[in-house]
Each structure stands twice: as structure tokens, then as C-alpha cells.
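Structural description and commentary
The primary structure of each chain is shown beneath.
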Amino acid sequence: MYKRVLYENWADWVPYLAFGVTALVFLSFVVRAFTLRRERADHMARLPLEEE
Amino acid sequence: MTSAPAAKTVITFDDRTVRRFMLASILWGAVGMLAGVFIALQLNFHELNLASWLSFGRLRPLHTNAVIFAFVGNMMFAGVYYSAQRLCKARMASDFLSNVHFWGWQLIIVAAAVTLPLGLTRGQEYAELIWPINVAVALIWGVFAVNFFWTLAKRNEPSLYVALWFYIATIITVAMLYIVNHLSIPTSWTHSYTLFAGVQNALVQWWYGHNAVAFFLTTPILGIMYYFLPKAVERPVYSYRLSIVHFWSLVFIYIWAGPHHLLNTALPKWLQMLGMFFSLMLWAPSWGGMLNGLLTLRGAWDKLRTDPVVKFYIAAVTFYGMSTFEGPLLSIRAVNALSHYSDWTIGHVHAGALGWNGLMAAGLFYWLTPKLYGSRLHSVAWANFHFWIATIGILIYVASMWVSGIMQGLMLNATNAQGTALVYPNFIETLISIRAMMGFRIIGGTLYLAGFLLMALNLWMTMRKGKPVEESREVAVIDRGAKDTMGMRETFLNDPVAYMFAGLFLVLAWLFLPPGADIAALLCAGFFSVIAVKKFREGHGRWSGWYDSLLNNWLPFTVLTFVAVALGGLIQIIPTVTVNRAKNVEDRIQQVYTPLELAGRDLYVSEGCYNCHSQMIRTMLPDVLRYGDYSRLGESIYDHPFQWGSKRTGPDLARLGGKYPHSWHYDHMMEPRSTSVGSNMPSYPHLFTDKFDQKSLLRKIAVMTRLGVPYPAMTADEIKMQALEQAVKIAEELKAQGKVAAPDTQIVALIAYLQKLGKFDTPEVERKLTPHGVPFPLQPALPDSHRKTVSQNP
């Protein structure tokens, strides 16, 4: 197993797979962030400033 | 958001715990920085290695641990306790747990401050503390986690602000990293061997080490930035949407980047590429976060001139941007070939620690103290002066380390035009050339420390003007049934999650299934994507609703964050850690240490030699020319812990064994300048009088055997006799070379270890593959296909 981890071709794919997973998740959150309603975003952004 | 206020209640925040953590941070910060200036002085003036417990190798871990866990740790807790209560509109759930957390953490720091100078260490960077302290850290961190999540559960604000997300990510990720990296088997109350060895240990260590920076020094401080910066400038954060992208992209990407600490080493190349790739991707979210912080000041830039708090915050965020630009840059393999093991890395981490963490801490403390003590800041002028000397101090420090690192790196890597010889073959020559820069570092560090002490005085005067106050606030109690109602079923069994996992599964199937089936999987993935888009269009509101619910439900949010961070670690670590031992390594295999050599190795670890010496010859021509054949994976498979190192203040030692006679090592350890003129290494006279530990050898070898090191069965007497026989032999050889050492002294054990470095067995198959007189190529040369061809046609 060790030698396969070291040398065989499938290991070369892992970075692409990792990138794919991350990109997929990242894009889904980008879409979510930019479809967030303005009033909701404003409300969330103001939370630290609310004194009550 | 659907909650209806049922009633109002007055809550009093627990600000006493905030004050305690703040004061502890200031105290330990001063201690940690003082230790930093002192060890910087030691590098220039070796005479300052005044005693064994005050030597560089023992104090440097004290400095790093004090700054990371004591200074930044306490500062983080102060910020978290203050902001979490306000954002949750609730007092911390348990005063008892807050007390246990505070006092437990301080006891841990005291224990570290006592044990590290005594040479009690695990020998891994930022993970040096011995196992009983590790257990205490895990327990106290658990107390913090329970208190924090309990507070979330009883909060009076339905929404979880982004700062709380960063705190959640910090708590669960640090727990995961810390526990996995500290898995050890004790040999005594003060010593243990890590579960991992060699490359496994290297990978797990830097998965932890890198993410200690990410999730201990970055994400909690970003949470603090997202809460306290808007408070200071009295404006909401520039873009809440950007903060969402910032959080999720950091959490998903950071965890993968650890292998960039091991570029050009024996680490499998795919892991190196993974580390580099993800480090480069970090540029985007880091700069997104920096810009979000800076632009929060929109319309209030005049505060930058008048308000010292804003000055500190903005300078800190700018340093965050600079450090997170430099980090990915250093992760490019070609750049890393120059920068790694050099002062460039030291400059980089101090830009982060002094610039980002230190200035954020100062801004936080200047803002908090008047509020916590009901007074006004004693002197704005002093605070401004602090800002300027701190900034100038950082710039002098970082610039000198850049120059030092790049200069020494270039000198160490310089070869003649043919690439057959080094231009500067003597390591000391390169060390002497950076001495002036090491001097500037002392000036920069001293300026920063002076500013910090001035801040401490300023805050002390501010405290004396007022008295501790506990803020009370009337809040609306929200309907308990309106939040935290999202169960696991609702979290995971829904369209967004189902389609994402289905897509992921099919893409994996496309990669790994045999021809034909892989195309079918790809077609299915495409089909699912089309259905997912269709479903999204039809039920956009439902998908958004799921995400909105997530932000109001801390438990599913925490579980998903944990999945995100665990995924990156698992993909890297499982293939490397689940492998067995020597039987799987077809290249060179490390020779097992004899009992005496093992005792010597423990001394090497205890003295902190890894702080200045690496044991990893990289797959680079200059390294091979200088130190010998590049290091193979199998050459450290029995090293618990691995000692690859991360800095070369002195040369690499991977192939030191047999290079010099025993007498050279004897003289070198007694007075390094007698053999290496210009060296800044400490002298180790105590090694010549102190006895090496014979009693614990039986237990140590038993643990090593349990860890898979192939020791033959030996009784306690046999182990002791074997150690003494080898010691007597070395002592006699020393005597023949004109040196006197008692066989049971530490120097003899250490020499035994140093002479073993680089000794390996070569499997029969490799000898066949390597013709006589032909040097090993620089690329790993034994792919399976090649091996099969050769073994079939010998």
C-alpha cells in the first residue's frame, strides 16, 4: 500500500479531487452569500452594534 | 428570526473573567516577548547560554509556547468571553466553568514554564509539552467548549453572528488537531513517545502546526476583528456577504495546507503538491477578509488619525494581509527551496505574531480596559507612542529577517556553473554573514517589547483611575422553541446536502471505477447536476431556508464545520498513517537504535537540538552537495518523534554518523568554537558530568516495541548491559583519541546517537537496481512499473 501511495497514478488525482470538493463547497457558499436578502445581511452586520 | 419576545430580563455579563484573561495575557505576553529578546541575544552572544536550563534549545520552545498559548491564548479568551456574551445577549452559562477555565489555563502555562527549561519535552514544535500537560490542555479546552456551547444554547439572540462562527470553528478544530497530534504512549510521568513516526509524524505534526496558526492564531482573532472593529469605528462590517465567503473558504481551505511545511522533503510528492495548491488558494479568502476589515472604516478614516484603537486594528489587519500574502508565496516549491530552514520564515511568522496578533491584542486591550474599569484611557499619547515604536520594531525585525533569510538561502544554495560544487561549502561562512541582521532583530524585538511594557503601564494607570464594573443590559428573552430546533434529520436529509454528496460520490466513482463504469458515473454526475439545478430553481426558497436555519442552530452548524475541517485532514493523513512499517517501504530502511543510542536520542530531543538542526536532506542539488544523498522516507520510520526540523541555524545532521571521530563530537559539545570557529552554538558542559538515564530504558524500549519498532526480546539486564558495553567501547575509543569520559555520562550516549545518524539497511532489490558507481538520481527512482521491469529482467 505504501508504495502505491507514493508512486501510483491515483495519488496524482488527489489534489484535483481535493480542489473539486473545495471549489464545489466554496461556490455553493458564494452563491448563498450573494443571494442573501439585503435586509437580512444588514441585520446580521449590525448585531455587534446593538446595545439591546 | 421567527422568535417572538416573550419577556424582558436584565442580565449582568461576566466581565470579571474577561478582565482576568486580559491581565493574564499582558503578563504572559511580557514574559514571552522577554524570552524572545533573550534568545535573540543568545544567537548573537553564545555566552548568554548561562546554564543548561537557560540554553537556547530549551528556551526557544518556552518563547513560542508562551507567545502562542499564553499571550494570544489568553487574549483570545478575553475577546471571546466579552463578545460571545454580548452577541448571545446572555451571561456565560457557568461561572464555575469560567473559573476552572481561567485557573486551569494559567496552571498549564506555569507547568509549561517549569518543565520546558528542565528539558522535559516531546520534541515537536508548538507541541513540546509533556503528556500530563497535554491531558490538562485537552480537559481545560473541553471546559471552555462546554461553557461556550452552553452559552450558545441559552442565548437570547436567535442569529449567530459571523464572529461566533469563527469561535465555533476554533474550538472544534483546535480540539481535533491537538488531540490527534499529541497521541502518545507514556514511558514515565514526564516522558512519552508519540504514536506516529517519521513521515507520518511529520505530516500529522505540520497538519497540526500549520493549523495551530490557522485556528489558534487566525480564526479566533478574525472573530474578534469582526466584532470589535465595527464597535471601534461604530459602523457595521463592510460586507456581511463577504464575511460568509471569508469564513467558509478559510475553514475549507486552511486545513489542507499543512504539507507546505515539508516541501522538497521525503514527503510523497502528491501531498507536497496538495499543500502548495491549497496554500495558493488561501490568497483569495485571506485578502477578502483583510479588505472586509479595512473597508469597514469607510467614511470614518479620520478615526485613523485620532483613535489609537483604530490605528492598532487597521495596522493589524494590514499585517494580516501582508502575512497571508507572504505565506502562500513561501509555499511555492521553488520559493520554498530558498526560504525553508532560513530566517525568512522567522520574519514571516513574526509579521503575523507581532503584527497581526500583537497589534490586535493592543487594540483590544486599549478598547476594553476603559470599559471594564469605567474610566478613560490614561494617556492617548502613550498609546500613540506605543503604536509607532511597535510598528517600527516589527518593520526592523521583519526586514532584517527577510534580508538574513534570503542572503543565507542564496549562499547555501549557490553552486558553480556546472552544478558540481558549492560556492560556500562552509556552513559557518553563511552564518557569519547574517550576524548583523541577527543584531537588527534584537533592536526590533526590544522596541516592540518596550512598546508592550508601555501599554501595560498605561493600562495599569487606566485601571487605577476606575474600578471593575460589570455591565448589565435589559434583553428580550426569546421563545425557546423558536431556535435550535433543527435536528440531524432536518440538517442532513434535504436537497442541498443530498445533491452535493451525490455529486461528490459520482465524481469519485468517475475517478476510481474501471473504464466503462467511470463514464457511466460521469454521465450520472451530469444528470444529477441537471436535476439539482432544476430543483434549486423550483425550490430556491427551501434551499435558502435550510441555510438560514443553519445560522440559527448552533449544533448542526458545528457538526457541518467539523465535517469541513475533518475532511481535509482525513484525505491527507489516512493514506499515510494507515500504512504499516518497514515491510511497505521498498527503499532504504532505518537501522534500529541500540539502547544507548536511544538514550542519546532522548537527550538530543530534550536539549532541543531540533530548534537549530534539521535531519532532512531535501531533494535539491545544493542540499545533496552539502550534506550527502537526499533523505528517504524509510530512513526515519523508527523516529518517535521525527526530527526533520524547520530551521537550520546550524547544518543538517541527517548523515552526520561516521563523518567525524568521537573526539570531534566531544570537543564540539564541550566548546563548539574549538571545532567550528564562529559558531553560535551553546556549550553543553553538563553532558560531561550528568549520567544518562539507564533505569527507564526498559520501559522506553517496551513502548518502542509496542509502537512497531522491531527490537529483539531483551530483559532489563540485557538492555542495561548492552548499553554499558557500547558506552565502554565509546569511552575507550575516546581515550585512544586523547579524551576522557566516564562511560555512564550523557556525552557518551549522545555521541552514540550522533554516530548512528544516517545509518540504514538497503533491501536486496534496491542494490540490484543501483549499479555501482552511479549516484542516486534526485527524483525518487523506484516506481512500481520500473521495479517490476527490473525484477523480471535482472
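**Points about the domain arrangement of chain B**
Residues and elements named next belong to chain B.
- Assigned domains of chain B: these are domain 1 (7-468), domain 2 (488-583) and domain 3 (587-773).
- With 33 residues of domain 1 in contact, the opposing surface of domain 2 contributes 24 residues.
- Buried area between domain 1 and domain 2, summed over both chains or domains, comes out near 2500 Å², and the portion from carbon and sulfur atoms is 75%.
- Of all residues in domain 1, the largest losses of buried area upon contact with domain 2 belong to Gln200, Trp248 and Trp256, amounting jointly to 21% of the total for that side.

**A closer look at unusual backbone geometry**
Residues and elements named next belong to chain B.
- The omega torsion across histidine 640 and proline 641 is 0°, close enough to zero to call that bond cis.
- With respect to the helices and strands, proline 641 occurs in the loop between helix H24 (621-627) and helix H25 (662-670).
- Of note, lysine 89 is a non-glycine position whose phi angle comes to about 50°, a positive value.
- Secondary-structure assignment places lysine 89 in the loop between helix H2 (56-88) and helix H3 (95-115).

**Some words on the confidence of the model for chain A**
Residues and elements named next belong to chain A.
- Residues of chain A with pLDDT of at least 70 account for 67%, and the chain-wide mean is 70.
- Mean pLDDT per element in chain A: helix H1 (residues 2-7) is the minimum at 46, and helix H3 (residues 38-45) is the maximum at 85.
- Note that residues 1-8 has pLDDT below 50 and, in this model, 24 contacts with residues that lie over four places away or in other chains.

**Quick look at the pattern of salt bridges**
Residue and element names in this part refer to chain B.
- If you walk through the whole model with that rule in mind, you get 25 salt bridges over all chains.
- Between glutamate 234 and lysine 303 there is a salt bridge, with its nearest N and O atoms 3.5 Å apart. One end of the pair, glutamate 234, is in the loop between helix H7 (219-233) and helix H8 (240-254); the other, lysine 303, is in helix H11 (residues 303-306), with 69 residues separating them in the sequence.
- Glutamate 234 gets classed as exposed once you look at its relative accessible area, which sits at 57%.
- A salt bridge links arginine 601 to aspartate 639; the shortest N-O distance between them is 3.5 Å. Here the residue arginine 601 occupies a position in helix H23 (residues 595-606), and aspartate 639 occupies one in the loop between H24 and H25, the gap between them amounting to 38 residues.

**Remarks on the environment of alanine 716 of chain B**
- With respect to the secondary-structure elements, alanine 716 of chain B resides in helix H28 (residues 716-736).
- Judged by relative accessible area, alanine 716 of chain B falls into the partly exposed class, the value being 37%.

**Remarks on the packing of H3 of chain B against helix H4 (residues 131-153) of chain B**
All names here are of chain B.
- Taken N-terminus to C-terminus, the directions of H3 and H4 make an angle of 155°; their axes are 9 Å apart at the nearest point. Compared by their axis directions, H3 and H4 come out roughly antiparallel. Two packed elements cross with a definite hand, and for H3 against H4 that hand is left-handed. Within the contact between the two elements, H3 uses Leu97, Ser98, Val100, His101, Gly104, Trp105, Ile108, Ala111, Ala112 and Thr115 and H4 uses Ile133, Ala136, Val137, Ile140, Trp141, Val143, Phe144, Val146, Asn147 and Trp150.
- Grouping the constituent residues of the contact of H3 with H4 by class yields 15 nonpolar, 5 polar and no charged.

**Some details on the side chain of serine 614 of chain B**
Residue and element names in this part refer to chain B.
- Positionally, serine 614 belongs in the loop between H23 and H24.
- By relative accessible area, which is 0% here, serine 614 ends up buried.
- Reaching out from serine 614, the side chain makes a polar contact with the side chain of arginine 648 at a distance of 2.7 Å.
- Leaving out residues up to four positions away in the same chain, serine 614 has contacts with Tyr341, Gln643, Trp644, Gly645, Lys647, Arg648, Pro651, Asp652, Leu653 and Ala654.

**Considering a nonpolar patch on the surface**
Residue and element names in this part refer to chain B.
- Taken together, Trp402, Val403, Ile406, Met407 and Leu410 make up a surface patch of nonpolar side chains, about 410 Å² in accessible area.
- Examined against the element boundaries, methionine 407 turns out to sit in helix H15 (residues 380-413).
- According to the relative accessible area criterion, methionine 407 is partly exposed, its value standing at 31%.

Conventions we followed
- Residues numbered from 1 in each chain as written.
- Chains lettered and ligands numbered in written order.
- Predicted model: local features only at pLDDT ≥ 70, side-chain atom pairs only at ≥ 80, totals over all residues.
- Heavy atoms only, no water.
- Domains from an automatic or database assignment.
- Contact = heavy atoms within 4.5 Å.
- Buried area = accessible area lost by both parts, 1.4 Å probe.
- Helix = DSSP H or I, 4+ residues; strand = E, 2+ residues; numbered from the N terminus.
- pLDDT = per-residue confidence, 0-100.
- Salt bridge = Lys/Arg side-chain N within 4 Å of Asp/Glu carboxyl O.
- Buried < 20%, exposed > 50% of the residue type's maximum accessible area, 1.4 Å probe, protein only.
- Axes fitted to C-alpha atoms, helices over the stretch in contact; angles between N-to-C directions.
- Parallel < 35°, antiparallel > 145°, perpendicular 65-115°, else oblique.
- Left-handed = near helix turned anticlockwise from the far one by under 90°.
- Nonpolar A, V, L, I, M, F, W, Y, C, P; charged D, E, K, R; others polar.
- Polar contact = N/O pair within 3.5 Å; in protein donor to acceptor, adjacent residues only side chain to side chain.
- Patch = residues over 30% accessible without salt bridge, like charges linked within 9 Å, V, L, I, M, F, W, Y side chains within 5 Å.
- Areas by Shrake-Rupley, 256 points an atom, 1.4 Å probe, with all protein chains shown as cover.

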